[in-house]
Amino acid sequence: MKKIYIVAIVMVAVAIGLLTSAADDMSTYATFEDAATNGERVKIAGQLAKDKEMYYNPEEDPNYFSFYIRDAEGEERKVVLLSEKPQDFELSEQIVLTGSMKGDEFVATDMLMKCPSKYKDEEVYIKSEASKS
Amino acid sequence: MQDIQYVGEHLVPGYIGQAAIMLGFSAALLAAVAYFFATQKRDKVAEANNWLRIGRWSFLVHGIAIFTLIGTMFYVMINQYYEYQYVQAHVSEDLPMKYIFSAFWEGQEGSFLLWMFWHIVLGMVLMGTAKKWEAPTLSIVSLVQVFIGSMILGVYVGFGDDPTRVGSNPMLLLRQTMDAPIFASADYVEQIAGTGLNPLLQNYWMTIHPPTLFLGFASTTIPFAYAIAALWTQDHKSWLKPGLRWSLFSGAILGTGILMGGAWAYEALSFGGYWAWDPVENMSLVPWLILIAGIHTNLVANATGQSIRSTYVFYLLTFVLIVYSTFLTRSGVLGDTSVHAFTEMGLETQLVLFNVFFLLLGAVLLGVRYSSVPTPKKEEATASKEFWMFIGSLVLLFSAALITASTSLPVYNKIMAYFDPNYIGRVITDPIPHYNKYQIWIAVFIGLLSGVSQYLRYKERNFSKYAPKFLLHSGIALGVSGGLTYLTSLWIDLQAWQYSTMLFFAWYTVVSNLDYLFSFAKSNLKMAGSVVAHGGFGLMIVGILASGLNQEVISNNPFVMEGLIEGASEEQMRKNVLLFKNSPLIMDDYRVTYVEDTVEQFTRTFTVNYQKLDSTGQVVEEFNLYPNILYDKSFTKIAASNPSTKRYLERDIFTHIASLPQVEIDMEYRQAREDSLNYKPYRAMPGETISFLDTVPIRDRDTFFVKQYEATVLGVDRSPTHPDYHKEQGDLPIGLDMKIQRLDEDSVFRIKPVLVLREQMLYSYPVQINDISTKVRLNEGIFDAVFGRELDMEYEPFTFKQGDKINYNGHEIQFAGFNKNPEHPNYEPQEDDVAVSAMVSVQGNNGQAYTAQPVYLIRGNSPFNLKDEIPELGLHFRFTGIDPKTETIELMIGQAEGVQQALPFEVATDSLRSDYIVLEAIEFPGINLFWAGTILMMLGLLMSMFFRIGQRRASLGA
């Protein structure tokens, strides 16, 4: 057998090993209930509860922004983001948070917002046109 | 919609554009077919030449058509024909011309065209240089153009009620893409405005990054085309040299494109770093890694005849992965995981087809031809250069596979969900540690291999004889690297043994490559490119470790309230600090002060002063940073926040505005806030001090304090200044010079609120005193109070000679002389003015001395005069005439009747302070090593390419 093949086989084995162990780095999108039960760092995807209070007062703490999120199960919880309030936050449709539950609050260190973009609009136009013709 | 005769539309460019799209698409298809037959029939020279001619002409026509389309699009964009959907979506009236290119490739269609543009340029080069490879390679390039061209076709295929749309046409009119009531009016063109370019993209990086990246993308097509061509024509050897030249070019350009993305993120966006393992970044890196692996096996193949098969695999894979990355970023599948993915546009199916087609083309062709690819009988020796270069390529492939696997998780989720609707998608919780964890070891191996294999020799037959030299140099290099690693550890904190290992092998690469250059390669220029590239790689790793491990958030205010959130683990996440204007804050080794801010159009620039302090608190260095924010057009939100960075050789200090007070972000909110302030009116005579009580809310809580204030009116200013007030002709401004103090604090504030009467409208310029949360403004009563008693005033004429003195109502008034350069608050000199003022000195009946300077001027043959007054005495002077014969002047003098009135003003004590910024500041040590290293890598690739082009020229000339 050629040495190259041996090296290649070892690499494939290591790759499979690594990717299997990487399963620990992965999770599914959790709900607040999951986060409360397991207490671990999780990702939560949800909708902004636009009727609830959003609080950011930099004079008090420039790294404290709180708001309410409705998770996939429809549960609403207070979320604390340890950062400034991002621009266009009110416009966001879907929010993905990384963090963990601390008491009744979900403390997030990372947040990704999906905002409606102009491409989205285009898509709508195009769809309506396609169904019309 | 019924037939409307629209007015104001420019339809001709649209017709030209549509024709160009169709022609470009068809010509590409024809070129692909003609070049295909030119290759197939290559044994019959005459027939092949006919096909070749058709192929060339078709490709040229294709090029002309696409250039025409691009030209037409620029034409409609520059002329702002908003009836075109693409223009409306990407251009706006206030878009500076320099961003017209950015606007062009901001959209998906424009960026597809940019990609096609480069294919045409590269295709032309191939046509001129590829000789016998022209037909097969251009057949492939044309085929790629057919696929990309289909993305901008915008035609409907299929029957019935639901035809499939193929591509998104950039030349459509707005009214063809959407249904809106506005299209019921024939002159709708007049009524629409453009959306414009996203302010985040209004940046020179957006001008240079996409063309470079797309040239990189397009250039990977050429090695791919060569690989396909070679498999197709079963000429497995002679393509290797041109293939290598092209892939070196591609490696340098694609690499530069990726780096520009990182530099953009670091320098101009507020990401706070150059690499974040974002899916979009990952998927541009992966093809580059594979391409670099391919370059190495290609070198091996050139030198030894080994690894031809793997060279095929790598070049085929590079292009397929470029298309895959296009699919990921443009199909919307990354939506939840990436910051900068496009959202879907209905092109997913086409992108998948594009990808699958070329994947199958490569895989099938390689499968069919696999056994015909020559491989030397003899296996490479373990101590040979080619063996370890090949291992290195496998490591790169391994790295790419890991990154691709993790990045493709959303795709995997989508596929699983397709088969099992109950499948719950998985996601990487913390991407950055996840990727770093594995790539550390990739870097260690690459560091080791690019050192070791540099010393080894191709086709090693007698290693035992060479071994002593090899061991000596390797040993020295290892020793020197150990020393350098130790020295580096004094500068940066390495935190874990894994990082130390990584650093050691990075230095090892640098040292062994330098050693190799001087001890072995000497006069051999051929190796210089390789040494520069690998040494650059080592430096880059050192830079990554320094700037990544030891980046320090210096805006970490230790005084910020503790215990608000349980557990201190998030403490490092607190990266923002609140900075009040002119209140210095100690941050790390710096004393940082927010000095001032200036607004120019939509940009507000902040001056932030940094003073570096030594251990005794002495200032050792001082500099200013100027981060800015860009408001949107309505001044209701921040559209972009641009950082500012102080660069040193060994570190950077990065600063950006994370947030501002709400009243400074949103001018509508500010107005609402101003309207809701609880202003209370007060009055005081000039010179009088009044005191008053007011309740003060304690920052949005329900507690109130009663505080005592004192206000003093010092006088009226008829030509006041105020930071927000810009004087216009015909203004009647009044300012009140005041002092105000809140008695629980020592500071007394000298302020001057201003009220301006301009064309029957009142404009108020209040003064905010942030330290005591107080705002003072004037109301219209001030005009009555100041001017009221002058209404009934009567002037009396007097004639003066210079030096004459008179007595007027007990005041002694003397005409002291002329001033040929009069200064008067309301006088702005114009050309051809003849102006002079009379110097009037007054000894008041109160014992005080005053002066006044009324002005007399002739402008355009008409005499004018500008009055002056002595408000303390109520005396007013007009200079109404000069008699040159008698050398006398006429002065009108009047005195205001009645008592002086108290002057009204209003004070609100609930105006919360708004003079602060929320600042983020990060120190990146050693970041220049990263940039230098990456630039050297690209330079090394280019050097290798130019060397090989030179070699070819020499061999052709010989």
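Residues numbered from 1 in each chain as written. Chains lettered and ligands numbered in written order. Predicted model: local features only at pLDDT ≥ 70, side-chain atom pairs only at ≥ 80, totals over all residues. Heavy atoms only, no water.

**A few points about the sheet that holds strand 33 (residues 903-908) of chain B**
All names here are of chain B. Here four strands make up an open sheet; going across it, the order is 14-33-22-21 and the pairing antiparallel. One side of each edge strand has no neighbouring strand; the edge strands of this open sheet are strand 14 (679-684) and strand 21 (767-769). Strand-to-strand twist in this sheet, taken as the mean axis angle between neighbours without regard to direction, amounts to 25°. The pairing of strand 21 with strand 22 (residues 774-777) spans three bridges and is antiparallel. What sits directly across from Val 767, in strand 22, is Val 776. (Pairing = 2+ DSSP bridges. Helix = DSSP H or I, 4+ residues; strand = E, 2+ residues; numbered from the N terminus. Axes fitted to C-alpha atoms, helices over the stretch in contact; angles between N-to-C directions.)

**Let's talk about the packing of helix 2 (residues 45-78) of chain B against helix 5 (residues 108-129) of chain B**
Helix packing geometry: the angle between the two helix axes and the distance between the axes. Residues and elements named next belong to chain B. The contact between helix 2 and helix 5 brings their axes to 10 Å, and the two run at 145°. For helix 2 against helix 5, the interelement crossing comes out left-handed. For the pair helix 2 and helix 5, contact is made by Arg 56, Phe 59, Leu 60, His 62, Gly 63, Ile 66, Phe 67, Leu 69, Ile 70 and Met 73 and by Leu 113, Met 116, Phe 117, His 119, Ile 120, Val 121, Gly 123, Met 124 and Met 127, respectively. Residue composition of the contact of helix 2 with helix 5, grouped by class: 14 nonpolar, four polar and one charged. (Left-handed = near helix turned anticlockwise from the far one by under 90°. Contact = heavy atoms within 4.5 Å. Nonpolar A, V, L, I, M, F, W, Y, C, P; charged D, E, K, R; others polar.)

**Some details on the domain arrangement of chain B**
When the domains of chain B are assigned, the result is domain 1 (1-197), domain 2 (242-426), domain 3 (568-666 + 915-927) and domain 4 (681-910). For domain 3 of chain B versus domain 4 of chain B, the separation of C-alpha centres amounts to 40 Å. (Domains from an automatic or database assignment.)

**Brief notes about the packing of aromatic side chains**
The geometry of an aromatic ring pair is captured by the separation of the ring centres together with the interplanar angle, meaning the angle of the planes. All names here are of chain B. All told, the structure shown has 70 aromatic pairs over all chains when counted by the stated rule. Ring geometry for Tyr 725 and Tyr 765: centres 5.2 Å apart, planes at 50°, overall tilted. In this pair, Tyr 725 is assigned in the loop between strand 16 (704-717) and strand 17 (732-742) and Tyr 765 in strand 20 (residues 761-765), connecting sequence segments 40 residues apart. The buried category is assigned to Tyr 725, whose relative accessible area is 8%. What makes Tyr 765 buried here is its relative accessible area of 12%. In this structure, Lys 385 is placed above the aromatic ring of Tyr 458, and the distance from its NZ or CZ to the ring centre is 5.7 Å. Lying over the aromatic face of Tyr 679, Arg 777 brings its terminal NZ or CZ to 3.7 Å of the ring centre. (Phe/Tyr/Trp six-rings, centres within 6.5 Å; stacked < 30°, edge-to-face > 60°. Buried < 20%, exposed > 50% of the residue type's maximum accessible area, 1.4 Å probe, protein only. Lys NZ or Arg CZ within 6 Å of the ring centre and 35° of its normal.)

**Remarks on the confidence of the model for chain A**
Should the pLDDT be low somewhere, the predicted coordinates at that spot are not to be read in detail. The predicted model of chain A averages 78 in pLDDT, with 85% of residues at 70 or higher. Considering only residues more than four positions removed or in separate chains, one finds that residues 117-133 of chain A, a stretch of pLDDT under 50, has 29 contacts. (pLDDT = per-residue confidence, 0-100.)

**Section: the nonpolar core**
Nonpolar side chains in soluble globular proteins generally cluster together in the buried interior. Residues and elements named next belong to chain B. Leu 113, Trp 115, Trp 239, Trp 288, Tyr 312 and Phe 354 are the most contacted members of the largest nonpolar core, which totals 195 residues. Not counting the four nearest positions on each side in its chain, Trp 239 is found in contact with Trp 133, Pro 223, Tyr 226, Ala 227, Ala 230, Thr 311, Tyr 312 and Tyr 315. Residues Leu 736, Leu 755, Ile 769 and Leu 903 belong to the second largest nonpolar core, which totals 27 residues. (Core = buried A, V, L, I, M, F, W, Y, C linked by side-chain atoms within 4.5 Å.)

**Structural notes on unusual backbone geometry**
Negative phi is the rule for most residues except glycine; trans is the rule for most peptide bonds. Residue and element names in this part refer to chain B. Of note in the backbone geometry, Trp 277 takes a positive phi value of approximately 50° without being a glycine. By secondary structure assignment, the location of Trp 277 is in the loop between helix 10 (240-267) and helix 11 (279-304). Notably, Lys 459 is not glycine yet its phi reads approximately 50°, a positive angle.

**With respect to the pairing of strand 13 (residues 651-659) of chain B**
On any regular strand, side chains alternate: one points to one face of the sheet, the next to the other face. All names here are of chain B. Within strand 13, nine of the nine residues are buried, which leaves it mostly tucked inside the rest of the structure. Bridging between strand 12 (residues 644-647) and strand 13 involves four bridges; their strand directions are antiparallel. Note that in strand 13 the partner of Ser 644 across the bridge is Thr 655. Connecting the antiparallel pair strand 12 and strand 13 is a turn made up of three residues. Pairing between strand 13 and strand 34 (residues 916-925): eight bridges, direction antiparallel. Across the sheet, residue Arg 651 finds its bridge partner in strand 34, namely Pro 925.

**Re the pattern of salt bridges**
It is possible for side chains of opposite charge to pair when their charged atoms get near one another. All names here are of chain B. A full pass over the atoms with the stated rule returns 34 salt bridges over all chains. Across the salt bridge formed by Asp 744 and Lys 707, the nearest N and O atoms sit 2.7 Å from each other. Note that Asp 744 is positioned in the loop between strand 17 and strand 18 (748-751) and Lys 707 in strand 16, a separation of 37 residues in sequence. The class for Asp 744 is partly exposed, based on a relative accessible area of 44%. Its salt-bridge partner being Glu 812, residue Lys 805 comes within 3.9 Å of it at the nearest N-O pair. Using a relative accessible area of 51% as the deciding quantity, one classes Lys 805 as exposed. Salt bridges here are not isolated pairs; linked through shared partners, they connect Lys 581, Asp 597, Arg 604, Glu 664 and Arg 670. (Salt bridge = Lys/Arg side-chain N within 4 Å of Asp/Glu carboxyl O.)

**A closer look at the environment of Phe 606 of chain B**
Residue and element names in this part refer to chain B. Secondary-structure assignment places Phe 606 in strand 8 (residues 603-613). On the basis of relative accessible area, Phe 606 is assigned to the buried category, the value being 0%. Not counting residues up to four positions away in its chain, the partners in contact with Phe 606 are Tyr 594, Glu 596, Asp 597, Leu 625, Tyr 626, Pro 627, Ile 629, Ile 657, Leu 660 and Ile 917.

**Considering helix 12 (residues 308-331) of chain B**
An α-helical turn contains 3.6 residues, so any two residues separated by three or four positions project in the same direction. Here helix 12 of chain B contains 24 residues, and its C-alpha end-to-end distance of 34 Å stays within 8% of the 34 Å for a straight helix at 1.5 Å per residue. With its phi angle positive at about 85°, Gly 332 of chain B sits one or two positions after the end of helix 12 of chain B. (Expected span 1.5 Å × (residues − 1).)

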